[in-house]
Amino acid sequence: MILMDNIIREGHPTLRVKAEEVKFPLTEEDKNLAADMLEYLINSQDPETAEKYGLRPGIGLAANQVNVSKRMFALHLEDEKGELLSFVAINPKIVSHSVEKTYLTGGEGCLSVDRQVPGYVPRYARITAKFFTVDGKEQKMRLKGLPAIAFQHELDHLNGIMFYDHINEENPFASIPDSIPFG
Ligand SMILES: OCN(O)CCCc1ccccc1
Ligand code: NI
């Protein structure tokens, strides 16, 4: 199982490397990694398990956060209708997005960042995403709200981008044009 010790922290070079496309069919190793990443999120959101293993709760995890520079990430969260979104996205892409932006009013955090970095993180409010599942099926998904924000946070990781790269340095809480605050 993935533990906090397996999650690399800012300063580790792998977090700043653009991850490589995953080849299909997936190797057993890639399949196991995908399952382990999703299992981490589920474990981290269960208070007992998180306490027992000292896991920081997360709604997403990218492969390069466990030092594997491959284009895959896991998401495990509920949307605003309370629908569970739980999947591993392989070779994910944003194929279209809204002009409108959104941002979490409380800012963002990251399992690879052991500090608070205050400020608004501008994200596209709505996206159309494409990715492959572990068994090679292509998925097309329209996301908004927290799922859209999380998908963009994880996709950034695969491109070596950290959430705070998007925060306005002069004024971290500067209003974001064309934006709808979330949360
Ligand atoms: O990369 C995943 N991760 O560091 C866990 C937190 C993900 C996250 C996603 C959206 C908004 C805030 C935080
Ligand atoms: Ni992160």
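Residues numbered from 1 in each chain as written. Chains lettered and ligands numbered in written order. Predicted model: local features only at pLDDT ≥ 70, side-chain atom pairs only at ≥ 80, totals over all residues. Heavy atoms only, no water.

**Student:** How should the coordination of the nickel ion (ligand 2) be read in this particular structure?
**Tutor:** Ideal values differ by geometry: the angle at a metal is 109.5 degrees with four tetrahedral donors, but 90 or 180 degrees with six octahedral donors. Coordination of the nickel ion (ligand 2) by the protein is provided by Cys 110 (SG), His 153 (NE2) and His 157 (NE2), with metal-donor distances spanning 2.1 to 2.3 Å. Coordination at the nickel ion (ligand 2) is irregular, judged from the six donor atoms that bind it and the angles of 27 to 147° they form at the metal. Donor residues for the nickel ion (ligand 2) sit on one chain with the sequence pattern C-x42-H-x3-H. With Cys 110 in the loop between strand S4 (101-104) and strand S5 (123-124) and His 157 in helix H3 (residues 145-158), this pair connects stretches of sequence that are 47 residues apart. For the pair formed by Cys 110 and His 157, the shared burial category is buried. (Donors = N, O, S within 2.8 Å, 3.2 Å for Na, K, Ca; no water. Tetrahedral: all angles 85-135°; square planar, octahedral: opposite > 155°, others 65-115°. Helix = DSSP H or I, 4+ residues; strand = E, 2+ residues; numbered from the N terminus. Buried < 20%, exposed > 50% of the residue type's maximum accessible area, 1.4 Å probe, protein only.)

**Student:** How should I be thinking about the site of ligand 1 in this particular structure?
**Tutor:** Near ligand 1, the surroundings consist of 13 residues, among which Gly 60, Gln 65, Leu 111, Glu 154 and His 157 are the closest. One of the backbone nitrogen or oxygen atoms of Leu 111 is found 2.8 Å away from an oxygen atom of ligand 1. Side-chain polar atom of His 157 to an oxygen atom of ligand 1: 2.9 Å apart, as the coordinates give it. Protein contacts shield 92% of the accessible area of ligand 1, which totals 360 Å² for the unbound molecule. Comparing atom positions with the cavity grids shows ligand 1 to sit within the largest pocket. Ranked by residue count, the leading element in the shell around ligand 1 is H3, at five residues. For the shell around ligand 1, the per-class residue count stands at six nonpolar, five polar and two charged. (Near = heavy atom within 4 Å. Polar contact = N/O pair within 3.5 Å; in protein donor to acceptor, adjacent residues only side chain to side chain. Areas by Shrake-Rupley, 256 points an atom, 1.4 Å probe, with all protein chains shown as cover. 1 Å grid on protein atoms, 1.4 Å probe; cavity = no way out; pocket = protein on both sides within 12 Å on 5 of 7 lines; lining within 4 Å. Sits in = over half its atoms within 2 Å of the grid points. Nonpolar A, V, L, I, M, F, W, Y, C, P; charged D, E, K, R; others polar.)

**Student:** Help me understand the side chain of Ser 98 in this model?
**Tutor:** With respect to the helices and strands, the residue Ser 98 is situated in the loop between strand S3 (84-97) and S4. Note on Ser 98: relative accessible area 9%, which makes it buried. At a separation of 2.8 Å, a polar atom in the side chain of Ser 98 contacts the main-chain carbonyl oxygen of Glu 100. Of the polar contacts made by the side chain of Ser 98, one reaches the backbone nitrogen of Ala 125; its length is 3.3 Å. Among residues more than four places away in sequence, those in contact with Ser 98 are Tyr 124, Ala 125 and Arg 126. (Contact = heavy atoms within 4.5 Å.)

**Student:** Teacher, can you tell me more about the pattern of salt bridges here?
**Tutor:** In a structure, side chains of opposite charge can pair up when their charged atoms sit close to one another. Scanning the entire structure with this criterion turns up eleven salt bridges. The salt bridge partner of Arg 126 is Glu 100, with a shortest N-O separation of 2.7 Å. A residue pair is termed long-range when its members are at least 10 positions apart, and Arg 126 in strand S6 (residues 126-132) and Glu 100 in the loop between S3 and S4 qualify at 26 residues. Among the ionic contacts, a cluster of salt bridges with common partners joins Arg 9, Arg 56 and Asp 114. (Salt bridge = Lys/Arg side-chain N within 4 Å of Asp/Glu carboxyl O.)

**Student:** I would appreciate a short explanation of the sheet that holds S4 in the present structure.
**Tutor:** The strands making up a sheet associate through hydrogen bonds between their backbones, and the pairing can be parallel or antiparallel. Taken together, the three strands give an open sheet; going across it, the order is S5-S4-S8, and neighbouring strands pair in mixed fashion. A strand with exactly one partner marks an edge of an open sheet, and here the two such strands are S5 and strand S8 (179-182). (Pairing = 2+ DSSP bridges.)

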